[in-house]
Amino acid sequence: MLMEFEGEVWRWNARRDADWFFVSVPLELSEAVRETQTYRRGFGGVRVEATIGGSVWRTSIFPQADGAYVLPLKRTVREAEGFGLDDVVAVRLAVIDA
């Protein structure tokens, strides 16, 4: 499954000592992932290969209470691609779990 979308970068504020940034997968795409993926890792994660700009990495997307999956954004990717909080990024995700 291949997905392409744009999303706004946001910070997880549940812990003040954490500096974690994410982009939300649109609900329609999140529903498609949920419907097609039967294998999920811990916390309901689904393994993906993510691409933003020239950066490509493997990680998991995780389901949230609102039904959307979220993609964690590594600091190295944010720095390499020059984006930060509230920026809109173009994302390409390839689901790699069977």
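Above this text sits the structure in question.
Residue numbers restart at each chain and count upward from 1, following the sequence in its written direction. Side-chain atom pairs in this predicted model are given and counted only at pLDDT of 80 or more, local residue features only at pLDDT of at least 70, and totals for whole chains, interfaces and linings cover all residues. Water and hydrogen atoms play no part in the side-chain values, which are based on all heavy atoms of the structure.

Participant: Give a detailed account of the environment of Ala-18, specifying residues and quantitative values.
Facilitator: Mapped onto the fold, Ala-18 is located in the loop between strand E1 (2-11) and strand E2 (21-24). We call a residue buried when its accessible area falls under 20% of the maximum for its residue type, exposed when it is over 50%, and partly exposed in between, using a 1.4 Å probe and counting protein chains only. Here Ala-18 falls in the buried class, since its relative accessible area comes to 11%. Spatially, the C-alpha atom of Ala-18 lies 28 Å from that of Ile-96, the residues being 78 residues apart in sequence. A helix here means a DSSP run of H or I that spans at least four residues, while a strand means a run of E at least two residues long, and both kinds are numbered starting from the N terminus.

Participant: Before we move on, could you go through the layout of surface pockets and cite the residues and values that matter?
Facilitator: Its boundaries defined by the atoms lining it, the largest pocket holds a volume of some 150 Å³. Lining the largest pocket are Trp-10, Trp-12, Trp-20, Phe-22, Phe-62, Gln-64, Val-70 and Pro-72. Under the convention adopted here, Pro, Cys and the residues Ala, Val, Leu, Ile, Met, Phe, Trp and Tyr are nonpolar, Asp, Glu, Lys and Arg are charged, and Gly plus all remaining residues are polar. Considering only residue class, the lining of the largest pocket consists of 7 nonpolar, 1 polar and no charged. A pocket, in this scheme, is an open set of points on a 1 Å grid over the protein atoms alone with protein on both sides within 12 Å along at least 5 of 7 lines, while a cavity is a set where a 1.4 Å probe fits but cannot get out; residues line either one if an atom lies within 4 Å of a point. Grid points are joined across faces, edges and corners, and a volume is the space filled by probe spheres set on the points.

Participant: How would you sum up the nonpolar core? Please name residues and give values.
Facilitator: The set of buried Ala, Val, Leu, Ile, Met, Phe, Trp, Tyr and Cys residues whose side-chain atoms join them within 4.5 Å is what this entry labels a nonpolar core. Grouped together as the largest cluster of nonpolar side chains are 22 residues, with contacts concentrated most on Ile-61, Leu-71, Leu-73, Val-91 and Leu-93. Looking at this core, the elements that each hand over two or more residues are E1, E2, strand E3 (46-52), strand E4 (55-63), strand E5 (69-73) and strand E6 (88-95). Note on contacts: a residue pair is in contact if any heavy atoms of the two residues lie within 4.5 Å. The residues contacting Ile-61, other than those within four sequence positions of it, are Val-33, Gly-44, Gly-45, Val-46, Val-48, Tyr-69, Val-70, Leu-71 and Leu-93.

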